[in-house]
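Residue strings, one per chain:
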Amino acid sequence: MTFAPQVMAMAIVSAVALAMAGCGGGGDGGDNAPPALATVVPPMPLPGPYSVACSNVAQDFERVPPGDAVDSYWKGSRSTSGTPRYLTDLLADPANTLSVTITVPDDTTLYGSFAGSRVAYVLLACYPTVANNPRPGYPLPTGVVVPHMQTGMDAPLFTDAAARYPLLAFSHGYRGSPLGGDYMTAMSIFASYGYLVVAPFHGDGRVADLNVDELGDVVTVISQLRDFVALQALRPLSMSAAIDLMLAHPQWKDHVNAAQIGGFGASMGGETMMLMGGAGLTTSVEMAWTRKPVDPRLKAAVGYVPYFGAPLLPAFGRNQHGLDGITLPYLAIAGTADVTAPLLMTEQGMRRLGGTRELVALAGLKHEFDIASSDDIFTWALTFLEAEVRGTASARQQLAAMASVSGGADDRVVIPYNGLVPR
């Protein structure tokens, strides 16, 4: 009996129903009726109903030279002398750590010097586990703990060993890693709501050497444009390869619902999701763009402070025309004070999409994870994924009427949800 994902879905549906009952939520009026954005919903409890466990990322921290930061390996940052570094340099049990190696297409316009090469990526998977999971957490030197981490050849301990769970492809921001505190928290929250979450360590520093603050500096980006384009183009390849692995790996394949694959990306991870949906990526200072192949397995995605480029160098071609007609259902959660991923660029791009879309703005939010906004971020994200990945009718009804989440940040809808809403 495969009941665990159904139980989780029922928990979200119950929260949706409670919110609509208490606030007079809409959903009537037919598929083409304009949304009556009157519903203020209570935040969903964080974390969700399930305990969380993660895959093996055991490391030998004694290999980190004095003065080096361990997270520089997770991010793929080069040393001060220019020596390449990546998580593979630290792995204590590489044979039992999830990883993929991709062969990069021989296209120098998109992949620059990486065209035709092979690039390795380490992955981290987190999932809903049994409440009495005996495996200890794995403490990292940064203070972050990987919950109930598998070791050696340990198989994952799912809440229901016979169930198939929706898969969430998770893409961190530029020069981040899944082991960063905010990302580890986000992955755990999604897993606590019944998702099997998989995240590559993109290792962006292996490709381009930019500071996060410089993403909004067009002059700096243009000076490294060839590498910057390659960096962006490689990310969706690693994300699709991660999905491939989870659908084929003997320890994981029988626990994945291949018909329910969604995505979540922060900052450049939000752009990664759009590229997986077939968006055209800016490849020149003239703002020419080249369309990336669609990964048809991705049913919907959420982007948090998603990077859609800068006014003088949009991410998706001149005036964001690389997004014309893209049908990937997409929720963008943007900040009104974000200068790295400006709201105006996100709105311009979102209005070009040809499928289900919604844009929510958080007042005063900069380009960062805001703890005070956690309830808003995850309530919006989980509700959208419930609607578009699982196809839950009541979640769609809620989105059609949802104006904001109570408490927390000052959130407002900029582009209303336009998905199909049952009568």
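The coordinates are above.
Everything numeric in this text was worked out from a predicted model, so none of it was measured. (Residues numbered from 1 in each chain as written. Predicted model: local features only at pLDDT ≥ 70, side-chain atom pairs only at ≥ 80, totals over all residues. Heavy atoms only, no water.)

Undergrad: How should I be thinking about the environment of V360 in this particular structure?
TA: Checked against the element boundaries, V360 lands in strand β16 (residues 357–362). Note on V360: relative accessible area 0%, which makes it buried. (Helix = DSSP H or I, 4+ residues; strand = E, 2+ residues; numbered from the N terminus. Buried < 20%, exposed > 50% of the residue type's maximum accessible area, 1.4 Å probe, protein only.)

Undergrad: Explain the side chain of R175 here, please?
TA: In this fold, R175 is placed in the loop between β7 (165–171) and α4 (181–192). Judged by relative accessible area, which is 18%, R175 ranks as buried. Among the polar contacts made by the side chain of R175, one reaches the side chain of S77 at a distance of 3.3 Å. (Polar contact = N/O pair within 3.5 Å; in protein donor to acceptor, adjacent residues only side chain to side chain.)

Undergrad: Just checking my understanding: could you explain the environment of A155 for this structure?
TA: Secondary-structure assignment places A155 in the loop between β6 (145–146) and β7. The exposure class of A155 is partly exposed, given its relative accessible area of 37%. As a C-alpha pair, A155 and N56 span 99 residues in sequence and 9.8 Å in three-dimensional space. Not counting residues within four places of it along the chain, the set of residues in contact with A155 comprises R135, Q150 and Q251. (Contact = heavy atoms within 4.5 Å.)

Undergrad: When you look at the nonpolar core in this model, what are you seeing that I'm missing?
TA: In summary, soluble globular proteins display a tendency toward joint burial of nonpolar side chains. By size, the foremost hydrophobic cluster in this structure holds 137 residues, and its most contacted members are F190, L196, M274 and Y330. For this core, the leading source of residues is helix α6 (residues 225–248), giving 13 residues. For L196, the residues in contact, after removing those within four places along its chain, are A125, C126, Y127, F158, Y165, P166, L167, L168, M246, W252, H255 and V256. (Core = buried A, V, L, I, M, F, W, Y, C linked by side-chain atoms within 4.5 Å.)

Undergrad: Would you take a moment to explain the packing of α4 against helix α9 (residues 374–388) for this structure?
TA: Packed helices, taken two at a time, are described by the angle their axes make and the gap between the axes. At their nearest, the axes of α4 and α9 sit 12 Å apart, and the two run at 45° to each other. Taken together, the axes of α4 and α9 lie oblique to each other. Where α4 crosses over α9, the handedness of that crossing is right-handed. For the pair α4 and α9, the contacting residues are A186, I189 and F190 in the first and F378, A381, L382 and L385 in the second. Split into classes, the residues belonging to the contact of α4 with α9 amount to 7 nonpolar, no polar and no charged. (Axes fitted to C-alpha atoms, helices over the stretch in contact; angles between N-to-C directions. Parallel < 35°, antiparallel > 145°, perpendicular 65-115°, else oblique. Left-handed = near helix turned anticlockwise from the far one by under 90°. Nonpolar A, V, L, I, M, F, W, Y, C, P; charged D, E, K, R; others polar.)

Undergrad: Can you help me understand the pattern of salt bridges in this one?
TA: Close approach of charged atoms allows side chains with opposite charge to pair. A complete count under the given rule lists 12 salt bridges for this structure. As a salt-bridge pair, R85 and D68 come within 2.9 Å of each other at their nearest N and O atoms. Of the two residues, R85 sits in the loop between α2 (71–75) and β3 (99–103) while D68 sits in the loop between β2 (51–54) and α2, which places them 17 residues apart along the sequence. In this structure R85 comes out as buried when scored by relative accessible area, which is 10%. Judged by its relative accessible area of 29%, D68 falls in the partly exposed class. Across the salt bridge formed by R297 and D244, the nearest N and O atoms sit 2.5 Å from each other. Placement of the pair is R297 in the loop between β11 (289–291) and β12 (300–304) and D244 in helix α6, with a sequence separation of 53 residues. One connected set of salt bridges, linked through shared partners, spans D244, D295 and R297. (Salt bridge = Lys/Arg side-chain N within 4 Å of Asp/Glu carboxyl O.)

Undergrad: Please explain the packing of α9 against helix α10 (residues 393–401) as it appears in this structure.
TA: Relative to each other, α9 and α10 sit at 130°, their axes nearing to 7 Å. Taken together, α9 and α10 sit at an angle that is classed as oblique. The interaxial crossing formed by α9 with α10 has left-handed handedness. Taking contact as the criterion, the partners of W380, T383, F384, E386, A387 and E388 in α9 are, on α10, A395, R396, Q398 and L399.

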